[in-house]
Amino acid sequence: MELGYEIEGKELEDLFWRFKSVTCGRHGLSTATVKLIDADGEEHIGCSVGTGLVDAAYKAVDLIAKVPVTLLEYSMSASY
């Protein structure tokens, strides 16, 4: 692996679920940091808290863009 750890099988599965329980938040709150680059190449960073990962990310985008945004559709896939 990239970090020099060799983790497989049950140990990998247990580690994945421990990681997921930390990154998804314990009190129904998630955080997101979003970096957007505008047409001039300038970077803008926004951080926000939301009731889930997508909510937090969109709130961070709203902080940067300062225009109303409506999520029409999204999909997510994960693998480990």
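## Quick notes on the overall build of the protein
Then, in step 1: Along the protein, the regular secondary structure elements total two helices and two strands.
Then, in step 2: Accessible area of the protein: about 6,900 Å², with a carbon and sulfur share of 57%.

## Describing helix α2 (residues 53-65)
Then, in step 1: Look at α2: 18 Å from first C-alpha to last across 13 residues, which is about the 18 Å you get at 1.5 Å a residue.
Then, in step 2: Among all positions of α2, only Ala56, Ala60 and Ile64 are buried. Buried residues of α2 fall within an arc of 80 degrees about the axis and therefore sit on the same side.
Then, in step 3: Backbone geometry just downstream of α2 places Lys66 in the positive-phi region, at approximately 55 degrees.

## Quick look at the pattern of salt bridges
Then, in step 1: Taken as a whole, this structure holds three salt bridges when the rule is applied.
Then, in step 2: Between Lys10 and Asp14 there is a salt bridge; the shortest N-O distance is 2.9 Å. Here Lys10 pairs with Asp14, and both are found in helix α1 (residues 9-23), just four residues apart, close to one helical turn.
Then, in step 3: Overall, Lys10 belongs to the exposed group, its relative accessible area being 57%.
Then, in step 4: A residue is classified by how much of its surface remains accessible, and Asp14, at 35% relative accessible area, is partly exposed.

## Considerations on unusual backbone geometry
Then, in step 1: For Lys66, which is not glycine, the phi torsion reads 55 degrees and is therefore positive.
Then, in step 2: Structurally, Lys66 is set in the segment after α2.

## Regarding the confidence of the model for the protein
Then, in step 1: The predicted model of the protein averages 82 in pLDDT, with 88% of residues at 70 or higher.
Then, in step 2: The least confident element of the protein, judged by mean pLDDT, is α1 at 80; the most confident is strand β2 (residues 43-50) at 94.

## Details of the pairing of β2
Then, in step 1: Bridge count between strand β1 (residues 30-37) and β2: eight bridges; the pairing is antiparallel. By the bridge assignment, Thr31 is partnered in β2 with Val49.
Then, in step 2: Between the end of β1 and the start of β2, which pair antiparallel, lie five residues, with Gly41 showing a positive phi angle near 85 degrees.

Parameters at a glance
- Residues numbered from 1 in each chain as written.
- Predicted model: local features only at pLDDT ≥ 70, side-chain atom pairs only at ≥ 80, totals over all residues.
- Heavy atoms only, no water.
- Helix = DSSP H or I, 4+ residues; strand = E, 2+ residues; numbered from the N terminus.
- Areas by Shrake-Rupley, 256 points an atom, 1.4 Å probe, with all protein chains shown as cover.
- Expected span 1.5 Å × (residues − 1).
- Buried < 20%, exposed > 50% of the residue type's maximum accessible area, 1.4 Å probe, protein only.
- Arc of directions from axis to C-beta.
- Salt bridge = Lys/Arg side-chain N within 4 Å of Asp/Glu carboxyl O.
- pLDDT = per-residue confidence, 0-100.
- Pairing = 2+ DSSP bridges.

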